[in-house]
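Listed here are the chains, written in short residue letters.
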Amino acid sequence: MPQSRPQTPSPRRVGVREFRGNLTSFLKQVEDGQRFVLTSHHKVVAEIGPPSQDIVVRKPGALRGKIKLAEDFDSLPADVLTSMEDEA
């Protein structure tokens, strides 16, 4: 017998103007797990909800010393430079 997925309540539809006017309240509800679908003129424009579990927090400097740039990184080949100057 196939295993059924747990029922999750459908996101609440909220107009952008209402969301903007009550931002703090809506963000507290998002922290509690609530999801919202934002609409503008009855058209869905965004979804907002808690972050997924697989988000990785970046660590500044984690790649320091591991990325090397070529010595000529900032140099343009003469033919490319000439073609750019001709277009001006």
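The structure this text deals with has already been given above.
Every value quoted in this text rests on a predicted model; they were computed, and no experiment measured them.

Below, the discussion takes up the overall build of the protein. Secondary structure summary: the protein contains three helices and three strands in total. Secondary structure elements of the protein, listed N to C terminal, follow the sequence β-α-α-β-β-α. Burial analysis of the protein (88 residues in total) assigns 9% to the buried set. Sequence-distant contacts, at least 24 apart, represent 28% of the contacts inside the protein between residues at least 6 apart. Of the accessible surface of the protein, which amounts to about 8600 Å², a share of 53% is contributed by carbon and sulfur atoms.

Turning next to the layout of surface pockets. If you add up the space inside the largest pocket, you get close to 160 Å³. Every residue lining the largest pocket is listed: V16, R17, R20, T39, S40, H41 and H42. Within the residue set of the lining of the largest pocket, elements represented by two or more residues are α1 (16-21) and β2 (36-40). Here the lining of the largest pocket gets three residues from one element, more than from any other, and that element is α1.

So, on to the side chain of T39. With respect to the secondary-structure elements, T39 resides in strand β2. In this structure T39 comes out as buried when scored by relative accessible area, which is 13%.

Here we take up the environment of I48. Along the chain, I48 turns up in strand β3 (residues 43-48). In this structure, the C-alpha to C-alpha distance between I48 and V30, residues 18 residues apart in sequence, is 7.6 Å. Not counting residues up to four positions away in its chain, the partners in contact with I48 are F19, L27, V30, Q34, R35 and F36.

Judged by side-chain polarity, L63, I67, L69 and F73 come together as a nonpolar surface patch covering roughly 470 Å² of accessible area. Take F73: it is sitting in the loop between β3 and α3 (78-87). Since its relative accessible area comes to 54%, F73 is described here as exposed.

This part takes up the sheet that holds strand β1 (residues 12-15). Here three strands make up an open sheet; going across it, the order is β1-β2-β3 and the pairing mixed. In the strand order of this sheet, the two ends are held by β1 and β3, each with one partner. Each adjacent strand pair in this sheet contributes to an overall mean axis angle of 35°, direction not counted. Relative to β2, β1 runs parallel, the two sharing four bridges. Within β2, the residue paired with R13 across the bridge is V37.

Criteria and cut-off values
Residues numbered from 1 in each chain as written. Predicted model: local features only at pLDDT ≥ 70, side-chain atom pairs only at ≥ 80, totals over all residues. Heavy atoms only, no water. Helix = DSSP H or I, 4+ residues; strand = E, 2+ residues; numbered from the N terminus. Buried < 20%, exposed > 50% of the residue type's maximum accessible area, 1.4 Å probe, protein only. Contact = heavy atoms within 4.5 Å. Areas by Shrake-Rupley, 256 points an atom, 1.4 Å probe, with all protein chains shown as cover. 1 Å grid on protein atoms, 1.4 Å probe; cavity = no way out; pocket = protein on both sides within 12 Å on 5 of 7 lines; lining within 4 Å. Points joined across faces, edges and corners; volume = space filled by probe spheres on them. Patch = residues over 30% accessible without salt bridge, like charges linked within 9 Å, V, L, I, M, F, W, Y side chains within 5 Å. Salt bridge = Lys/Arg side-chain N within 4 Å of Asp/Glu carboxyl O. Pairing = 2+ DSSP bridges. Axes fitted to C-alpha atoms, helices over the stretch in contact; angles between N-to-C directions.

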